[in-house]
Amino acid sequence: MDKLLIRGGTRLEGEISISGAKNASLPILAGTLLTSDTVTVCNVPHLNDVTTIIALLQSMGAMVTVDDKLNIAVDNSDISERCAPYELVKTMRASILVLGPLVSRFGEADVSLPGGCAIGARPVNLHVQGLQSMGADIKVENGYIRARADRLRGAHIVFDMVTVTGTENLMMAAVLADGETVLENAAREPEVSDLANFLNKMGAKITGAGSGTIRIEGVDGVGGTSYEVLPDRIETGTYLVAAAMTGGRVRLKRTSPDCLEAVLVKLQEAGASIAIGDDWIELDMTGKRPRAVDIRTLPYPAFPTDMQAQFCAMNATAEGVGTVTETVFENRFQHVLELQRMGADIRIEGNMAISTGVERLTAAPVMATDLRASAGLVLAGLAAEGETVVDRIYHVDRGYERIEEKLNQLGASIRRVPGF
Ligand code: UD1
């Protein structure tokens, strides 16, 4: 298994471009299943999770081609398998996103249950209940969700809790359903809106995405299109925190400042100067040590759980005491145990991590446990004294495109070494 070797202590300076959003690319690629026409998706990041969803589409019979500009063309005219096997779902939970489109277009889907994961139980009961309200007959047997329907019908669905992929799955299921579907207490994440924009470009009739109530008027069919995925707000936030922690100054291009308000406010509270344009963000923390901040994770537009580990790392070296409260996932503090091994003074009380910043973290061998935890550890390594070794970086590769190249471009000293 590859490792990252990070020699810490360099201020990050310079500019880099942000990649397309992983969490928009995955549902959009799944959404291509709604048509037999060819769909081209642009600005898709080159990541392990994207490779997994493409492998899943191919295993069902999709023809996928990538051109020299890395645009991905998907031809789903010959889908012979309507199944997402355990082997693929276990490597990426978001594979559940094929459930809605498959039932909507073909009236059948067999999708493996994802099971637990490193950050908590993560059930998919709301996806299943929503499809049942739309008339699908669902059995759970042999570890698989087996869904059947003649044609889904529109339904009024009120989510018990805000679920991002649940909202996306049911929105896609409703596209070809008979009649109107209303999703209440829907997720308002920018990636949900991006998926809705994509589906509308294919010919769907969706309004209200980005608000808590989404209406989908079912249509008889949708067709091919070409679509550019929005920038990755979590990648953007991660590099901003990296710059803040190292007392640096960076300009991130090809990003979307509008989607990051809650994160930018906290970085300003930490002492950073932020400037934004239409598609760029500049953060200046030159020579300063960040102040510790209090954050509480919640669904969008509040502070994202996917930025929690990075802020834990920042608080660990910041001035003062900061609290991080995790309300979305029950077990998302595994990075804290690794940060403690780097000298961080953090204690966990229930769903809160209380951190008293130390002047300098010290390098240690650490282990990535999940995608965002691994980002937190990379950031800690950038700010630590000595050479940090981050193991199990396949987690990093699930969500960060060319991370060592981008960080080195900003002056960091980080390299990948093959594991043994
Ligand atoms: C998505 C994101 C992930 C992010 C998370 C929260 C993708 C591919 N992944 O994950 O990066 O961390 O949103 O912003 O977009 N829940 C249920 N029953 C369900 C569904 C969810 O109880 O049927 C619970 C979950 O256990 C969790 C909460 O709802 O506690 C939110 O989870 P959800 O929004 O569904 O996360 P994902 O869509 O899996």
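This structure is a prediction, so every number in the text was calculated from the model and none was measured. (Residues numbered from 1 in each chain as written. Predicted model: local features only at pLDDT ≥ 70, side-chain atom pairs only at ≥ 80, totals over all residues. Heavy atoms only, no water.)

Novice: Before we go on, may I ask you to explain the packing of helix H4 (residues 99–106) against helix H6 (residues 164–175) in this structure?
Specialist: In a packed pair of helices, the relevant descriptors are the angle between the two axes and the axis-to-axis distance. The N-to-C vectors of H4 and H6 enclose an angle of 10°; their axes lie 7 Å apart at closest approach. By the angle class used here, H4 and H6 are roughly parallel. For the pair H4 and H6, the sense of crossing is right-handed. Contacts between H4 and H6 involve Leu-99, Gly-100, Pro-101 and Ser-104 on the former and, on the latter, Asn-169, Met-172, Ala-173 and Val-175. Residue composition of the contact of H4 with H6, by class: five nonpolar, three polar and no charged. (Axes fitted to C-alpha atoms, helices over the stretch in contact; angles between N-to-C directions. Helix = DSSP H or I, 4+ residues; strand = E, 2+ residues; numbered from the N terminus. Parallel < 35°, antiparallel > 145°, perpendicular 65-115°, else oblique. Left-handed = near helix turned anticlockwise from the far one by under 90°. Contact = heavy atoms within 4.5 Å. Nonpolar A, V, L, I, M, F, W, Y, C, P; charged D, E, K, R; others polar.)

Novice: Explanation requested: the packing of aromatic side chains in the structure shown.
Specialist: Under the counting rule described, the total for this entry stands at two aromatic pairs. Note on Phe-303 and Phe-311: the rings are 5.0 Å apart at their centroids and 85° apart in plane angle, and the pair reads as edge-to-face. Comparing Phe-303 with Phe-311 shows no difference in burial state: the two are buried. The ring of Trp-280 has Arg-251 lying over it, and the distance from NZ or CZ to the ring centre is 4.1 Å. (Phe/Tyr/Trp six-rings, centres within 6.5 Å; stacked < 30°, edge-to-face > 60°. Buried < 20%, exposed > 50% of the residue type's maximum accessible area, 1.4 Å probe, protein only. Lys NZ or Arg CZ within 6 Å of the ring centre and 35° of its normal.)

Novice: Where do I start with the side chain of Arg-372 in this structure?
Specialist: Position of Arg-372 among the secondary structure elements: in helix H12 (residues 371–383). Here Arg-372 occupies a buried position and makes no salt bridge, while the nearest side chain of opposite charge, Asp-306, is found at 4.1 Å. A polar contact is formed between the side chain of Arg-372 and the side chain of Tyr-400, at a distance of 2.9 Å. Excluding residues that lie within four positions of it along the chain, Arg-372 makes contacts with Lys-22, Ile-234, Asp-306, Ala-309, Gln-310, Arg-332, Gly-399 and Tyr-400. (Lys, Arg positive; Asp, Glu negative; His and termini not counted. Salt bridge = Lys/Arg side-chain N within 4 Å of Asp/Glu carboxyl O. Polar contact = N/O pair within 3.5 Å; in protein donor to acceptor, adjacent residues only side chain to side chain.)

Novice: Could you clarify how one ought to interpret the site of the ligand in this entry?
Specialist: In the neighbourhood of the ligand, 18 residues make up the surrounding shell, with Asn-125, Thr-163, Thr-165, Asp-306 and Val-328 lying closest. A distance of 2.8 Å separates an oxygen atom of the ligand from a polar backbone atom of Val-164. Note that an oxygen atom of the ligand is positioned 2.6 Å from one of the side-chain N or O atoms of Asp-306. Within the complex, the protein chains bury 87% of what would otherwise be the 740 Å² of accessible surface of the ligand. Secondary-structure elements contributing two or more residues to the shell around the ligand are helix H5 (125–133) and H6. For the shell around the ligand, the leading source of residues is H5, giving three residues. (Near = heavy atom within 4 Å. Areas by Shrake-Rupley, 256 points an atom, 1.4 Å probe, with all protein chains shown as cover.)

Novice: Honestly, the pairing of strand E9 (residues 144–148) in this entry has me stumped. Any pointers?
Specialist: Two faces belong to every sheet, and in a regular strand the side chains alternate between them. Pairing of strand E7 (residues 108–112) with E9, which is carried by five bridges, proceeds in the antiparallel orientation. The partner of Asp-110 across the bridge, within E9, is Arg-146. For strand E8 (residues 137–141) and E9, the ladder comprises five bridges, and the chain directions are antiparallel. The residue bridging Lys-139 from the neighbouring strand is Arg-146, located in E9. Hairpin connection from E8 to E9: two residues lie between these consecutive antiparallel strands, with Asn-142 at a positive phi of about 50°. (Pairing = 2+ DSSP bridges.)

Nothing here speaks to function; it is geometry throughout.
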